[in-house]
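Next come the chains, spelled out residue by residue.
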Amino acid sequence: RLQLVQSGGGSVEAGGSLRLSCSVSAIDEDNYMRYALGWFRQVSGKRREGVAAVPTDGLTFYAASVKGRFTISRDNAKNTLYLQMNNLKPEDTAMYYCAAGSVRWLPSQALDPIRYNYWGQGTQVTVSS
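Throughout what follows, the structure given in this document is the object of discussion. Keep in mind that what you see is a predicted model, and the values were worked out from it rather than measured.

What counts and what doesn't
Residues numbered from 1 in each chain as written. Predicted model: local features only at pLDDT ≥ 70, side-chain atom pairs only at ≥ 80, totals over all residues. Heavy atoms only, no water. Helix = DSSP H or I, 4+ residues; strand = E, 2+ residues; numbered from the N terminus. Buried < 20%, exposed > 50% of the residue type's maximum accessible area, 1.4 Å probe, protein only. Contact = heavy atoms within 4.5 Å. Pairing = 2+ DSSP bridges. Axes fitted to C-alpha atoms, helices over the stretch in contact; angles between N-to-C directions. Disulfide = S-S within 2.5 Å. Salt bridge = Lys/Arg side-chain N within 4 Å of Asp/Glu carboxyl O.

Topologically, Tyr116 is positioned in strand E10 (residues 116-119). Here Tyr116 falls in the buried class, since its relative accessible area comes to 5%. Taking the C-alpha atoms as reference points, Tyr116 and Gly10, 106 residues apart in sequence, are found 24 Å from one another. Setting aside chain neighbours within four positions, we find Tyr116 in contact with Ala36, Leu37, Gly38, Phe40, Ala53, Ala99, Ala100, Gly101, Val103, Gln109 and Ala110.

Structure below.
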């Protein structure tokens, strides 16, 4: 089992940057290295959608809407997942969640929120125009 605690987020103007962090703690001798990690976002009234995922070191997937602007990374020594968000746009406004789960190394699964079973508490990102 894992516990995910997020930090970061906030309000920025369009074109600005934010960095989200997700501290992943193992419970009952579990290991976060067993899991794919990802970032998801959700706007009220809409489905949660995958933003970026790193199923394993060296393999990343991104939603088309954020490709080239967002970078997902994992610091295994710190058990921390990051999402660097650059050139933010108003349409990026959402509640962002980090997550861990067991998924196949395919974008269709790695970016599918139903494949993840451990979730952070969420943090709001608001981008003004």
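Bringing the sheet that holds strand E3 (residues 18-26) into the picture now. Pairing is antiparallel across the open sheet formed by 4 strands, whose spatial order is E1-E3-E8-E7. Of all strands in the sheet, those with a lone pairing partner are strand E1 (2-7) and strand E7 (70-75), marking the two edges. Adjacent strand axes in the sheet meet at a mean angle of 15 degrees when their direction is disregarded. With 6 bridges connecting them, E7 and strand E8 (residues 80-85) associate as antiparallel partners. The partner of Asp75 across the bridge, within E8, is Thr80.

Considering all chains together, one arrives at 1 disulfide under this definition. A sulfur-sulfur distance of 2.1 Å marks the disulfide that ties Cys22 to Cys98. Because the sign of the S-S torsion sets the handedness, a value of about 65 degrees for the bond joining Cys22 and Cys98 places this disulfide among the right-handed ones. Of the two residues, Cys22 is situated in strand E3 and Cys98 in strand E9 (residues 94-101); the sequence distance between them amounts to 76 residues. The residues Cys22 and Cys98 share a single accessibility class, namely buried.

Our focus in this paragraph is the pattern of salt bridges. Applying the stated criterion across every chain yields a total of 5 salt bridges. For Arg41, the salt bridge identified is with Glu49, shortest N-O distance 2.8 Å. What makes Arg41 buried here is its relative accessible area of 6%. Linking Arg115 and Asp112 is a salt bridge whose minimum nitrogen-to-oxygen distance equals 3.7 Å. Given the relative accessible area of 39%, Arg115 is considered partly exposed. When salt bridges that share partners are traced, they join Arg41, Glu49, Arg69 and Asp92 into one network.

Judged by how many residues are buried, strand E4 (residues 36-42) sits mostly within the fold: 6 of 7 residues are covered. Here E4 runs beside E9; their pairing, made up of 7 bridges, is antiparallel. Residue pairing for E9: Leu37 is matched across the bridge by Ala100. For E4 and strand E5 (residues 49-56), the ladder comprises 5 bridges, and the chain directions are antiparallel. When the sheet's bridge partners are listed, Leu37 is paired in E5 with Val54. In sequence, E4 turns back onto E5 through a hairpin of 6 residues, with Gly45 there showing a positive phi of about 90 degrees.

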